[in-house]
Amino acid sequence: MTVRIGVLTSGGDAQGMNAAVRAVVRAGIQAGAEVFGIHEGWQGAVDGGDQIRRLEWDDVGNVLARGGTVIGTARCAAFRERDGRKRAALNLITHGIDRIIVIGGDGSLTGTDRLREEWPAFVAELADAGEITAEQAERHAQLVIAGLVGSIDNDMVGTDMTIGTDSALHRITEAIDAISSTAASHQRSFVVEVMGRHCGYLAVMSAIAGAADYVLIPESPPADDWKQHMSHVLRQSRRAGRRTSIVVIAEGTQDRQGNPITPEDVRVVLADEMGEDARVTILGHVQRGGTPSAYDRWMATMLGHAAVGEVLRGDREPQLVAVRGNRPTFMPLMEAVAATRRVASLIEEGRYDEAMAARGRSFVQMTQAFHQLSEARPDAEPLEDCRQIGVLHCGGLAPGMNATAAAVIRLGIDRGHEMFGVHGGFPGLIDGDIRRLGWGDVEGWTASGGANLGTRRTIPTEEDLYALSRSIETSGLDALIIIGGFNAYRALTLIHAERKRFPALRLPIVVVPCSIDNNLPGLQMAVGADTALNVAVSSVDLIKMSASAAKRAFVVETMGRHCGFLTLTTGVAVGAERVYLHEDGITIADLKTDIDAMVEGFRSGRSFYLAIRNEEASPFYTTDLITRMFEAEGRGEFSVRGSVLGHVQQGGAPSPFDRINGVRLASQAMQWVTEQLASGADQHVFVTPDGMRDVRDLDELVDWQARRPLEQWWLDLKPVLHDLTRTPGVASAPGSLTGRGARPTTMER
Ligand code: ADP
């Protein structure tokens, strides 16, 4: 008998839940299981009947871009009672379901685990009472479960991110950007309340992304003199030229005595201490709404796919399907829940340091980075033995370059350095186009696209090095921070190789990774890549909508040069049928297989087909040629359009993640430069999230000819894409759930 998996969303909804449900349904079918949607959370299982319905491949078409959850969610009081859970067990067994994938918060995961524990007792009782047969009792003796965390708060211990958090950050950051522009017009102050009863993640990260002035969170209640401290910080930044003050507060914030601090309390402080007529904005449910971000789509897809593998194995204690370092990881479900609940108890008991530590290293670091940035002393006097640090861009434009540069500059000033912006990359440095930048000069940079310092792809030639070193000498720069892409790494290598001939090049230099292509060594996400991905995903959403009236195939071209990151992740996030990557190349045999499948798909009633091609996937089979081949073979049965997304991918305001990532990497770079200058060292390094790497390590990490890292983590998403877009039972990608067959014969609607 076929294995039956039940999938449900429970508790508060979160953007990206649909991507997880779609992945569970399709990966389940692909692996030969039947998948049932349990509608309206656990209430659906308690009610039974057609609240538990089989979901077919096409039932989860076109759900990736939708917020909320298409199978409904609820809080179910009956499921908290033993009787309610027993009824749920009966209904599940009646439908032949004994594997559950639940997507919800810690409450939903706990409830699901209780059902699992009680299941054998329920089975025995139901069999004794004649409500199920002995055969049913035997066949469904155990319940196997796996949990995915859907929660915008990012409050689960054991996973880097929960489904919905990144989208909520998008909503909050959009709101803070909007508030900032009106606030600046009137020189007004705003207090913005964001969600997070026990968790300050959204507050801290949105304060960084929105370049707010102050943040208040539950895990780290402010010191008793917080009112004076806040007023001091806000006054200082106003004096340095900031036209607004923005305080972000998490809804669960308390003082050290356990008394709630409300947005109204903050408003009163601003009025009393600063004479400010501050406005309060409570963002509320806006944060849960709207289309899921690109990350919430591909991440939830990856986890849903992994969860199916987990429940089909079913040979270990229940697991939380979590994400760490952009890969699915597993940890005992109830351990994760217990650790999460412990954080809330630690806060209640006033053990704040432990509560912060339990949130993980990165959260602690980012909270510190925010304090450093927001409290950076705008009027800091340069140190007596002050050093001069140059900041420049090198490489293609990437959203987030400004946020990164602004962070470097403010952190540098705070440490007593003199900071210099080099305009126009290396040519600008050679020409001496260098200006000192003050704290207020970078106001407003965090949220802005483009690169205010200007960026050029040019790297110095050997002939340029003399002029370059002269310029470094005459301008008196003591260190360089290069924020840029692949060419920045090439320039670093060249400078390092020639440092013996040109002693002026013996100064500390650090490269901070920024590129929409995401082709940089030693890290998973370069600044800019997430924004480009979001732009590509929302563009393809529009393209899909435009095609909904006719039978149409699209070939969409993304950027990325020789790196397929943008192409593949966009494909996963929008549900493309096929992606063409430079890493794989394109052959005529591939195209024939794809075209046969596409034509067959349209004949059997489908109305849409989407292929995404990396701009340099093949020098021969161009986007235009593939479009024409599709059109020719369609013989008028459907129309085909090519669409080159082009430079929109480099534009736009940086995503919250790119701003946050920029700040994180900038603060590491500044810390390192300060240490180098203090110790008189002159290393040449590049930043990775795990620390600095020496320029000499690059040869081990980089394929210089292909201009990409030798190892590319995101290629793991290939089998996920294959499993979710091909005909059940005939997937072929290595690492896929089935690993059988080869021919794609169907497509997403
Ligand atoms: P979340 O899953 O978002 O944390 P809740 O805590 O409200 O949201 O839980 C959602 C649902 O999960 C509850 O309405 C209930 O049906 C079920 N649930 C939560 N906690 C338990 C529990 N301890 N025992 C049984 N069911 C529970």
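The model shown is predicted, which means the values in this text are computed figures rather than measured ones. (Residues numbered from 1 in each chain as written. Predicted model: local features only at pLDDT ≥ 70, side-chain atom pairs only at ≥ 80, totals over all residues. Heavy atoms only, no water.)

A. Quick look at the overall build of the protein chain. Helix and strand counts for the protein chain stand at 24 helices and 24 strands. Whereas a compact globule of 749 residues would reach a radius of gyration of roughly 27 Å, the protein chain reaches 27 Å, a difference of no more than 12%. Projected onto its principal axes, the C-alpha coordinates of the protein chain cover approximately 90 × 70 × 45 Å. In the protein chain, which comprises 749 residues, the proportion classed as buried is 62%. (Helix = DSSP H or I, 4+ residues; strand = E, 2+ residues; numbered from the N terminus. Rg over C-alpha atoms; globule rule 2.2 N^0.38 Å. Buried < 20%, exposed > 50% of the residue type's maximum accessible area, 1.4 Å probe, protein only.)

B. Summary view of the pattern of salt bridges. Across all of its chains, the model carries 40 salt bridges by this definition. For the salt bridge of Glu 443 with Arg 242, the shortest nitrogen-to-oxygen distance reads 2.8 Å. Of the two residues, Glu 443 sits in the loop between β14 (434–436) and α16 (464–475) while Arg 242 sits in the loop between α8 (226–239) and β8 (245–250), which places them 201 residues apart along the sequence. Arg 242 sits in the buried class, given a relative accessible area of 7%. Of the charged contacts, one joins Arg 297 and Asp 541 as a salt bridge, the two residues approaching to 2.8 Å between their closest N and O atoms. (Salt bridge = Lys/Arg side-chain N within 4 Å of Asp/Glu carboxyl O.)

C. Geometry of the packing of aromatic side chains. Per the counting criterion, the structure on display carries 11 aromatic pairs. Ring centres 5.8 Å apart and planes at 40 degrees place the aromatic pair Trp 298 and Trp 713 in the tilted group. In this pair, Trp 298 sits in helix α10 (residues 294–313) while Trp 713 sits in the loop between β24 (708–709) and α24 (717–725), placing the two residues 415 residues apart along the sequence. You'll find Trp 298 and Trp 713 in the same group, each marked buried. When the ring of Phe 486 is compared with that of Trp 704, the centres are 5.7 Å apart and the planes differ by 70 degrees; the resulting orientation is edge-to-face. (Phe/Tyr/Trp six-rings, centres within 6.5 Å; stacked < 30°, edge-to-face > 60°.)

D. Local environment of the pairing of strand β19 (residues 608–614). Among the 7 residues that make up β19, 7 are buried, leaving the element largely enclosed by the rest of the structure. Every second residue of β19 is oriented toward a common face, with Phe 608, Leu 610, Ile 612 and Asn 614 on one face and Tyr 609, Ala 611 and Arg 613 on the other, all of them buried. Of the pairings in the sheet, the one linking strand β17 (residues 552–558) to β19 comprises 7 bridges and is parallel in character. Across the sheet, Thr 558 pairs through a bridge with Asn 614, a residue of β19. Pairing between strand β18 (residues 578–580) and β19: 3 bridges, direction parallel. Looking at β19, one finds that Tyr 580 is bridged to Arg 613. (Pairing = 2+ DSSP bridges.)

E. The sheet that holds β8, seen in detail. Pairing is parallel across the open sheet formed by 4 strands, whose spatial order is β7-β8-β6-β9. In the strand order of this sheet, the two ends are held by β7 (214–216) and β9 (279–282), each with one partner. Recorded for the sheet is a direction-independent mean angle of 20 degrees between the axes of neighbouring strands. By the bridge criterion, 6 bridges tie strand β6 (residues 189–194) to β8 in an arrangement that is parallel. By the bridge assignment, Val 194 is partnered in β8 with Ala 250. (Axes fitted to C-alpha atoms, helices over the stretch in contact; angles between N-to-C directions.)

F. Representation of the site of the ligand in the model. Near the ligand you find 15 residues, and of these Arg 75, Cys 76, Gly 105, Gly 107 and Ser 108 are the closest. Between Cys 76 and the ligand, the recorded distance is 2.7 Å, taken from a backbone N or O atom to an oxygen atom. At 3.3 Å, a side-chain N or O of Arg 114 approaches a nitrogen atom of the ligand. Protein chains shield 85% of the accessible area of the ligand, which is 540 Å² for the free molecule. Among the elements that line the shell around the ligand, the one with the most residues is helix α4 (residues 106–128), at 6 residues. (Near = heavy atom within 4 Å. Polar contact = N/O pair within 3.5 Å; in protein donor to acceptor, adjacent residues only side chain to side chain. Areas by Shrake-Rupley, 256 points an atom, 1.4 Å probe, with all protein chains shown as cover.)

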